[in-house]
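An overview of the molecular structure
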Amino acid sequence: MEYISTRGQSEGQSFRDVTLAGLGSDGGLYVPKNWPRFDMETIASWAGLPYADLACRIMQPFIGDSLTDAQLKSLCDAAYGGFSHDAVAPLVQIDQQHWLLELFHGPTLAFKDVALQLLGGLFEEFMQGSGKRLTIIGATSGDTGSAAIHAVAGRAAAEIFMLHPSGRISDVQRRQMTTVLAPNVHNIAIEGSFDDAQAMVKRMFNDPHVNNAVHVSAVNSINWARLMAQIVYYFAAALQLGGPHRKIAFSVPTGNFGDVFAGYVAHKMGLPIERLIVATNRNDILDRAISSGDYSRSALEPTAAPSMDIQVSSNFERLLFDMVEQDSTRLADMMQGFEATNRLTIDSDIRERITALFSSAAVQHDDLARTIDWAYRASGELLDPHTAIGLAAARDAQIDTSVPLVTLATAHPAKFPDAVERACGIRPVLPGRIGDLFDRQEKFKELPGDYDAVAAYILAQANSDLSQAG
Ligand SMILES: *Cc1c(COP(=O)(O)O)cnc(C)c1O
């Protein structure tokens, strides 16, 4: 499989290349040159496969000869063997039409584990024998940081430095990172806001002093391998509910448009999907884009669903690229215009193509809280605030009642116990396997919000670990 960049200046990359690179050298995002397609008979023959085996079947065409079948199989077994539920992504029925696809059975209780557990293995496989080590640097406001740390902890091929704003993330979120004591994991609490931490990381990626000393890498959601891993659970859910001979609709709580884009790819690969619902919170750039063509940046509003608090949805560029039929000149014009002015009006031909499959909704706080309460009363299930946004949008979407409607449950309710308790009166408890989180030892470094101090600390640690590794 050959990969190209949405901005048209980088072609002929392999799966291995794009996994290690993340972002395209022209500032665009990597996509496969064409979508692999499976016929109905092939898809139907996968019913009942264990999740890791299904994952191999669906991902193989994207990986091509970057891995042998045996390598892919052992990476999938390792990534999904660590989930606490055998089905990896089990379905739970809420009422006659509505289902939850539980994606939070990985080590950090959020759906990002599904992709990052695999990405950790891919990094290791691709770096092996190169004599080099990746230095992963990131900033987190919560979920991504812990999922990335758990993905690379203890791996010889990578070292991870994760910055978080000191005192500004929840105790559960901090402890999910700082109680990982593997020597290749470095948590840094920075004085300042998440934006300050993020700005430092961006500066490090462009700092020749840092780049000459270490091989820096990112694990953010623009990495193609992450999206690829997320395609699998759309097939898994549909196969459980009578697909591919029956159409299924999905509602996806959305921030960077990564998760729901994976659903779009499943559709392109031949999975019959009735509709994809893009559910946002008050940070509604995607709802405005889809419902009226207004893709413009506005002020960030903190909400009870912080992992969806975004101003710009970076993966939306991948959808636009497909909607202009891979016309990279037109796409690059659109994106450069957006970068210069913070706004983009989506042409009606493009919007028509988008709305043929996608609907959208922006869910306000009261509706989110009511939905948590409703689901608890209807089924006894507790929803986290992100999942509640997805389910609220699903219940409003007026999908024909004969179509099963699956809401992606992106986080375990115990990650956000206060919001859940306020909404329905029940306080969710952490699952047994991390029930001792508050008794575990923490390890992290506190640093001032000073770029030079942080960069110097990272370089000193990375180099001392390198020499220990020999
Ligand atoms: C990251 C995240 C999302 C948003 O996913 P995107 O791929 O950015 O759209 C939704 N819910 C939770 C719990 C998350 O951690």
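Everything here concerns the structure above.
Conventions and cut-offs
- Residues numbered from 1 in each chain as written.
- Predicted model: local features only at pLDDT ≥ 70, side-chain atom pairs only at ≥ 80, totals over all residues.
- Heavy atoms only, no water.
- Pairing = 2+ DSSP bridges.
- Helix = DSSP H or I, 4+ residues; strand = E, 2+ residues; numbered from the N terminus.
- Axes fitted to C-alpha atoms, helices over the stretch in contact; angles between N-to-C directions.
- Contact = heavy atoms within 4.5 Å.
- Expected span 1.5 Å × (residues − 1).
- Bend = angle between axes of the 7 residues up to and from the residue.
- Buried < 20%, exposed > 50% of the residue type's maximum accessible area, 1.4 Å probe, protein only.

Further remarks concern the sheet that holds strand β6 (residues 158-165). The strand order across the open sheet built from five strands is β8-β5-β6-β7-β15, with neighbouring strands paired in parallel fashion. Here the strands that pair on one side only, and so sit at the sheet edges, are β8 (215-217) and β15 (445-447). Taking the axes of each pair of neighbouring strands and ignoring which way they run, one obtains an average angle of 25° across the sheet. Direction of pairing for strand β5 (residues 134-139) relative to β6: parallel, over a ladder of six bridges. In the strand pairing of β6, I137 is matched with F161. Packed on one face of the sheet, helix α8 (residues 194-205) meets β5, β6, β7 (185-190) and β8 and runs near 150° to β5.

With 13 residues, helix α3 (residues 51-63) should cover 18 Å at 1.5 Å per step; its first-to-last C-alpha distance of 18 Å lies within 8% of that length. Of all the bends in α3, the greatest reaches close to 30° and is centred on R57; the proline P61 follows between one and four positions later. α3 sits mainly inside the fold: ten of its 13 residues count as buried. The complete set of buried residues in α3 reads Y51, A52, D53, L54, A55, C56, I58, M59, F62 and I63. The first or second residue beyond α3 is G64, which carries a positive phi of 55°.

Take the sheet that holds strand β13 (residues 358-362) next. Spatially, β3-β4-β14-β9-β10-β13 is the arrangement adopted by the six strands of the open sheet, whose pairing is mixed. For this open sheet the edge positions go to β3 (91-93) and β13, each flanked by a neighbour on one side alone. Geometrically, the sheet is characterised by an average inter-axis angle of 25° between neighbouring strands, direction not taken into account. Here strand β10 (residues 273-280) pairs with β13 via five bridges, running parallel. Looking across to β13, one finds that A279 is bridged to A361. Sheet strands touched by helix α17 (residues 385-396): β4 (98-102), β9 (248-253), β10, β13 and β14 (405-409). Its angle to β14, the strand with the most contacts, is close to 165°.

Read these as geometric descriptors, not functional statements.
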